[in-house]
Amino acid sequence: MFIFIYLVKNMLYFELKKIFTNRRILICMVVLLIGVHLFSGYQSLQQEWTASEYKQLHERLDQLPTQDRMAFLKESFDKSEYHLRVNDTQADVSYYTDTYGLAWMEAIQKQKNEVFFSRQVLKQVEKEEQNRIGYDRFRKGIKKQYALNHKVSIFQKKEDPFVGQRAVKTMDAYETLNITMPASIKGSYGIEQLLSQSYLDIALLLFLVFLFYEYVVREEEHQQLSYMQLTKHGRLAYYMIKIVALWFTCSFFIFLTSFTLWIQESLLYGFVDLSACIQSIPFCMRITKAYSIL
Amino acid sequence: MKLEVRNCGKQYGEQWALQDVNFTLTHGIYALLGPNGSGKSTLMNILCTLLEKTTGTLLWEDKEISTCENAYLQQLGYMPQTPCMYEDFTLFNFLSYMGVMRGMPKSFLHQRIEEVTKKVELTDALDKKIRAYSGGMKQRAMLCAALLHDPKILILDEPTAELDPLKRILVQKLLMEVSKDKMILIATHVVSDVEFIADQFLILKKGVLIEQGSRLALVKLLDGKVKEVKTTMEEYQSFKQQYAISSIRYEHEQLIARVLDLDDTLEGEVVTANINDVYLHLFGEKYAVL
Ligand SMILES: Nc1ncnc2c1ncn2[C@@H]1O[C@H](COP(=O)(O)OP(=O)(O)OP(=O)(O)O)[C@@H](O)[C@H]1O
Ligand SMILES: [Mg+2]
């Protein structure tokens, strides 16, 4: 057993050395990395709102007490909406007169030069805020669902064990999940972007193909594989170690791209506390484990 | 120590690269001679179990090799015709890697690396990347890898093809030194490299083993038939059409041609034949009698 570990360690060392001293593989890695970054940069340029606007809005929000934030967002939204219509004499402005009054409208008319938050960025931030405050409601919803299921099964007298069990399980999972939503989720958009990007997968696939070609196909072509076959551990053990090395290198690549992208996104959208619970990212809300984002 | 090849044949598609080859190796140095494409590498690959033979059997110590493959491979050091090292490794890395793959203990491995690199004069280049090696250095490095685990059987495919004269002598001496308790099979077409170190010669022609024997036995084929003939350039032009000529040179402004005179028709000084003459005799197209 000890010999086995010693052997695996040594063989793996040389396999990784082969990969990480191979210039073509390193170049491919760097090129893909740059490509991913350029692409993600390009994507954020494509948005209708800029990253600085997003950051600015979050800074404003953080100054407000939590309960006032939604109202602020709503008002900002109306402000920019109304601002668009200021010069349109035909427009129906009765909504604004009713809700905010004439003084409010005049103030906006005067502030010709002030930058209003665009509607898209407001929507995005609203979504994040909704998620933050809505999480409790979401949990309660689950509980209700459980109670409902329970009732139904009682009335039917014919319990479907799976539905029941699953509801209990879900309930338990959410009950025992003791997480605190961070008070501010400044910039979770960056992470959201990061986690939902498909170009990362494409980059990984390209990398894997290239790595396989360089590391396995080329060795075969250069008769290195058959040369190794003549050694004591050159067959089964060798192939196993090669698979492990491939897996390891790919993991490393994923880590590298994710990490550098995280830095890039964070610089754009603000840093997120990576130890915050993962549910603070809107589309990860349903996760039942107390993972942190990291 | 005994390696026996019986009725061995190899077919690539329609073409037979090797046909009905029979021989037995015990210890000593064996030279495998033959022109390009005669099947030397094919035969060696079969001996190393890298290539599946089409017909025949291979016996190691009277046992079919496929039944004792691991034990056989443990004893085998193979040097392929083209270097197949990892270009981004240093020689030290590469040899350590080979040692690990062969399951050699670390201290023994380091000792062996030192020994073998010293023997081929590569100690100074141990920490240089193989990418930066010259052709001759790569060949010596491959030889190191083959010798590393001190195998009983050495199969070397053109080990001296790219070496300079001094390194050739070095490798010849090295092979002589280690040959005492080993079986060494060397494929080459540089006849002079093996002429005096090989105990036995195996000569392949188009996949067929046409001659087999010691140097003296082969040279006997041409006993009294190699002559050095004094001639002029004009005469030489005409009789080079009729005879196989193994070399020409000027001596005191006199042109001297070394001729294989098989029918004993020429006037000249009879000299002792060498393996080069035999090679010419066997492969010089027009004059080949076999
Ligand atoms: N993979 C292959 N597929 C088809 N034919 C092959 C293959 N490998 C070798 N041959 C043929 O087998 C014959 C013997 O080739 P081999 O490489 O054994 O020659 P060789 O004696 O080593 O030549 P050289 O001195 O050039 O190294 C040649 O005619 C060659 O064309
Ligand atoms: Mg060859």
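All of these numbers come straight from a predicted model, not from anything done at the bench.

## Focus on the overall build of chain B
The number of helices and strands found in chain B is 10 helices and 14 strands. Along the longest, intermediate and shortest principal axes, the C-alpha atoms of chain B span 65 × 45 × 35 Å. Taking all 290 residues of chain B together, the buried fraction comes to 40%. If you take every contact in chain B between residues at least 6 apart in sequence, the share linking residues at least 24 apart comes to 71%.

## What to know about the sheet that holds strand E8 (residues 183-188) of chain B
Residue and element names in this part refer to chain B. Spatial strand order, E6-E7-E8-E3-E9-E10: six strands in an open sheet with mixed pairing. Taken across any chain shown, the strands that pair with only one partner, and hence form the sheet edges, are strand E6 (76-79) and strand E10 (208-213). Adjacent strand axes in the sheet meet at a mean angle of 15 degrees when their direction is disregarded. Taken together, the five bridges between strand E9 (residues 200-205) and E10 define a ladder with antiparallel strand orientation. Bridging from a neighbouring strand, Leu 204 pairs with Leu 209 of E10. Strands strand E3 (28-33), E9 and E10 of the sheet are contacted by helix H10 (residues 275-283), whose axis makes an angle of about 25 degrees with E9.

## Concerning the interface of chain A and chain B
If you look at the interface, chain A gives 19 residues, while chain B gives 17 residues. Residue assignment for the side of chain A that touches chain B shows that the elements contributing at least two residues are helix H1 (2-20) and helix H11 (224-229) of chain A. For the side of chain A that touches chain B, the per-class residue count stands at five nonpolar, 11 polar and three charged.

## Section: the UniProt feature "domain: ABC transporter" (unreviewed entry) in chain B
The UniProt feature table records "domain: ABC transporter" (unreviewed entry) at residues 3-231 of chain B. Taken end to end, residues 3-231 of chain B is 33% helix and 30% strand, and its two terminal C-alpha atoms sit 49 Å from one another.

## With respect to the confidence of the model for chain B
Mean pLDDT over chain B: 91, with 98% of residues reaching 70 or higher. Predicted as a complex, the structure gets a pTM of 0.78 and an ipTM equal to 0.84.

## Here's the deal with the domain arrangement of chain B
On domain assignment, one finds that chain B holds domain 1 (3-219) and domain 2 (224-272). Placing a centre on the C-alpha atoms of domain 1 of chain B and another on those of domain 2 of chain B gives a separation of 37 Å.

## Brief notes about the nonpolar core
Residues and elements named next belong to chain B. Counting residues in hydrophobic clusters, the biggest one holds 94 residues, and the most contacted among them are Ala 31, Leu 32 and Ile 155. The leading source of residues in this core is helix H5 (residues 135-147), at eight residues. Among the domains, domain 1 (3-219) and domain 2 (224-272) are the pair contributing at least three residues each to this core. Not counting chain neighbours up to four residues away, the residues in contact with Ile 155 comprise Met 44, Leu 47, Cys 48, Leu 76, Tyr 78 and Leu 185.

## Structural notes on the sheet that holds strand E11 (residues 226-231) of chain B
All names here are of chain B. Strands sit in the order E12-E13-E11-E14 across an open sheet of four strands; the sheet is antiparallel. Either end of the sheet is taken by a strand with one partner, and the two such strands are strand E12 (244-251) and strand E14 (269-270). Judged from the two bridges that link them, E11 and E14 form a sheet pairing that is antiparallel. Across the sheet, residue Glu 228 finds its bridge partner in E14, namely Glu 269. Running at roughly 135 degrees to E12, H10 makes contact with E11, E12 and strand E13 (254-260) of the sheet.

## What to know about the UniProt feature "transmembrane region" (unreviewed entry) in chain A
When the UniProt feature table is mapped onto this chain, "transmembrane region" (unreviewed entry) is found at residues 198-216 and 236-261 of chain A. As annotated, residues 236-261 of chain A has a helix share of 100% and a strand share of 0%, and its two end C-alpha atoms lie 38 Å apart.

What counts as what
- Residues numbered from 1 in each chain as written.
- Chains lettered and ligands numbered in written order.
- Predicted model: local features only at pLDDT ≥ 70, side-chain atom pairs only at ≥ 80, totals over all residues.
- Helix = DSSP H or I, 4+ residues; strand = E, 2+ residues; numbered from the N terminus.
- Buried ≥ 20, exposed ≤ 12 C-beta atoms within 10 Å, placed from the backbone.
- Contact = placed C-beta atoms within 7 Å.
- Pairing = 2+ DSSP bridges.
- Axes fitted to C-alpha atoms, helices over the stretch in contact; angles between N-to-C directions.
- Nonpolar A, V, L, I, M, F, W, Y, C, P; charged D, E, K, R; others polar.
- UniProt positions renumbered as here; feature names shortened; annotations may be inferred.
- pLDDT = per-residue confidence, 0-100.
- Domains from an automatic or database assignment.
- Core = buried A, V, L, I, M, F, W, Y, C linked by C-beta atoms within 7 Å.

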